[in-house]
Amino acid sequence: MSKYSGQNLASLSPAEIKQWIDSFDTVLTDCDGVIWVDNNPLPGAPEVINRFIANGKKLFFVTNNSTKTRPEFVEKAVKLGFNVNIDNIISTAYLAAQYLKNVGFSKTVYTIGSTGITKELDAVGIRHIGIGPDTIQGSLADTVSSFVPDTDVGAVIVGFDEHFSFVKMMKAASYLNNPDVIFIGTNTDERFPMPDRVIPGTGSIVKAMVTCSERDPIVMGKPNPHICEIIRKEYNVDPARTLMIGDRCNTDILLGKNCDFQTLLVETGIHNADDIGKYGKSDDPAVRALVPDVYLAKLGDLLPYL
């Protein structure tokens, strides 16, 4: 098969599928929509993941979800039947904390997000403020005048925050008005569509802060290549022999392209074969970059070949 061909893996012979499986040593996989949906494992996914591990492949769950710590992801995964530990988890909250640790950050972080971020900051000994509800008290003028910036704030992290508010936007933008304050976004996922409603994603909050602060963040999550650097340095992986599995072309598959990984799209989440067909016909190179190497109806379909 050729790279970026968007070929249906199921159309290949068993020998060709086996040869493809033998072509990678490391597996990176998205979580929601690929191996589970909410708190339910997708059919065959635990068995495929566990077989990968048993066969000696390095395996990592790579998630843009910043609301949970790595131990919390492990707890969920084990309950759903996946034989993983903390070393198998790469989350955006963890990446954000590690980034600040690696640059020698010693000040305070103003956090728009959840305890998934602050617990990872706690783990590396970084002070933080801002978590929890923060709304207008009295009039807008009263709220603005009562805000006294913490002079020790040296970074702003923006993740998913169900309590995101005008007040939080004002405070974060005020800190970011200082060009020396580091601006980190955990990811840029736009939204989470449901049958009869849309849940705004972290990207919606990050974009609001970009507009207000007139600055662009360092983005930790997919498809930003920052993840590639950490994986290459920490785990010594060969990009050519690494597979990225996902359900979103604009995050998972694009991450694979950005890192020179092989890519597999499964149709149990956001994008499917119809989307691949549309992307492949586009005249825009950026759109054509969303085409994976191969796709499959569901991850569990690999089980007979492992």
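Residues numbered from 1 in each chain as written. Predicted model: local features only at pLDDT ≥ 70, side-chain atom pairs only at ≥ 80, totals over all residues. Heavy atoms only, no water.

Here is the rule we go by: UniProt positions are given in the numbering used here, feature names are shortened, and annotations may be inferred rather than shown by experiment.
Per an unreviewed UniProt entry, the protein goes by 4-nitrophenylphosphatase and derives from Anopheles christyi. UniProt, in the comment section headed Sequence similarities (unreviewed entry), describes the protein in these words: "Belongs to the HAD-like hydrolase superfamily."

## Structural notes on the domain arrangement of the protein
Operational definition: All the domain ranges listed were derived from an automatic or database domain assignment. For this analysis, residues touch if any pair of their heavy atoms sits within 4.5 Å. Salt bridge criterion: a side-chain nitrogen from Lys or Arg within 4 Å of a carboxyl oxygen from Asp or Glu. Side-chain atoms alone can form a polar contact between residues adjacent in sequence; in general such a contact is a pair of N or O atoms within 3.5 Å, and within protein one must be able to donate a hydrogen while the other accepts it. Classification convention: Asp, Glu, Lys, Arg as charged; Ala, Val, Leu, Ile, Met, Phe, Trp, Tyr, Cys, Pro as nonpolar; all other residues, Gly among them, as polar.
Per the domain assignment, the segments of the protein are domain 1 (7-64 + 223-305) and domain 2 (103-219). Taking only C-alpha atoms, the centre of domain 1 and the centre of domain 2 are 31 Å apart. Tallying the contact residues gives seven residues for domain 1 and seven residues for domain 2. There are one salt bridge connecting domain 1 and domain 2. For arginine 248, the salt bridge goes to glutamate 190, with nearest N and O atoms at 4.0 Å. Connecting domain 1 to domain 2 are four residue pairs in polar contact (both at pLDDT 80 or more). Per-class residue counts for the side of domain 1 that touches domain 2 are one nonpolar, five polar and one charged.

## What to know about unusual backbone geometry
Selection criterion: Put simply, DSSP H or I for four residues or longer makes a helix, DSSP E for two residues or longer makes a strand, and each gets a number counted from the N terminus.
Cis geometry is found at the peptide bond from lysine 222 to proline 223, where omega equals 5°. Unlike most non-glycine residues, asparagine 236 shows phi in positive territory, near 55°. Note on placement: asparagine 236 falls in the loop between α9 (226-235) and β14 (242-246). With phi around 65°, aspartate 260 is a residue other than glycine that occupies positive phi space.

## Considerations on the environment of asparagine 258
Going by this rule: Whether a residue is buried, partly exposed or exposed follows from its accessible area with a 1.4 Å probe, protein chains only, as a fraction of its type maximum: under 20%, in between, or over 50%, in that order.
Summarising the element assignment, asparagine 258 is placed in helix α10 (residues 249-258). Classification of asparagine 258 as partly exposed rests on a relative accessible area of 37%. Residues asparagine 258 and threonine 268, 10 residues apart in the sequence, show an inter-C-alpha distance of 23 Å. Beyond its immediate stretch of four places on either side in the chain, asparagine 258 contacts Pro223 and Pro225. Within the structure, asparagine 258 has its side chain in polar contact with the backbone oxygen of proline 223 (distance 2.7 Å).

## A few points about the sheet that holds strand β16 (residues 294-296)
The criterion, for reference: In this scheme, strands are said to pair when DSSP sees at least two bridges between them. Interaxial angle, 0 to 180 degrees, is taken between N-to-C directions of lines fitted to C-alpha atoms, where a helix line uses only the stretch in contact.
One open sheet holds the seven strands; their spatial order is β1-β16-β15-β14-β2-β5-β6, and the pairing between them is parallel. The outermost strands of the open sheet, each flanked by one partner alone, are β1 (7-8) and β6 (89-91). Of the strands in this sheet, β5 (58-63) and β6 touch helix α3 (residues 70-79), which is tilted by about 125° from β6. Where α10 meets the sheet, it contacts β14 and β15 (262-266), and its direction lies at approximately 165° from that of β15.

## Description of a nonpolar patch on the surface
Selection criterion: Patch members must show over 30% relative accessible area and no salt bridge, and they are joined within 9 Å when carrying like charges or within 5 Å when they are nonpolar side chains of Val, Leu, Ile, Met, Phe, Trp or Tyr. Working definition of accessibility: Shrake-Rupley area with a 1.4 Å probe, residue cover restricted to the visible protein chains.
Together, Ile136, Leu140, Val144 and Phe166 make up an exposed nonpolar region whose accessible area comes to about 340 Å². Within the secondary structure, isoleucine 136 sits in the loop between β8 (127-129) and α6 (140-146).

## Regarding the state of the cysteines
Note the cut-off: The term disulfide is used for any two cysteine sulfur atoms that are within 2.5 Å.
Enumeration over the complete set of coordinates arrives at one disulfide. Here cysteine 228 engages in a disulfide with cysteine 259; their sulfurs sit 1.4 Å apart. In this pair, cysteine 228 sits in helix α9 while cysteine 259 sits in the loop between α10 and β15, placing the two residues 31 residues apart along the sequence. Looking at cysteine 228, the relative accessible area reads 2%, which means it is buried. For the unlinked cysteine cysteine 31, the closest cysteine sulfur is that of cysteine 259, found at 16 Å. Here cysteine 249 is not cross-linked by a disulfide; its sulfur's nearest cysteine counterpart is in cysteine 259, at 16 Å.

## Observations concerning the UniProt feature "binding site: Mg(2+)" (unreviewed entry) in the protein
Within this numbering scheme, the UniProt entry marks Asp30, Asp32 and Asp247 as carrying the feature "binding site: Mg(2+)" (unreviewed entry). In summary, the annotated positions, though distributed over 218 residues, converge in three dimensions, the widest C-alpha pair being only 8.4 Å. By the secondary structure assignment, aspartate 30 is in the loop between β2 (26-29) and β3 (36-37). On the basis of relative accessibility, which here comes to 9%, the residue aspartate 30 falls in the buried class. With near-sequence residues (within four places) excluded, aspartate 30 lies in contact with Ile35, Val62, Thr63, Lys222, Met244, Ile245, Gly246, Asp247 and Asp252. On the secondary structure map, aspartate 32 appears in the loop between β2 and β3.

## Some thoughts on the nonpolar core
This is how it is decided: We call a set of buried Ala, Val, Leu, Ile, Met, Phe, Trp, Tyr and Cys residues a nonpolar core when their side-chain atoms join them within 4.5 Å.
Of all hydrophobic cores here, the largest spans 33 residues; its most connected members are Ile35, Phe61, Phe82, Leu264, Leu299 and Leu302. Those elements that place two or more of their residues in this core are α1 (14-21), α2 (45-54), β5, α3, β14, β15 and β16.

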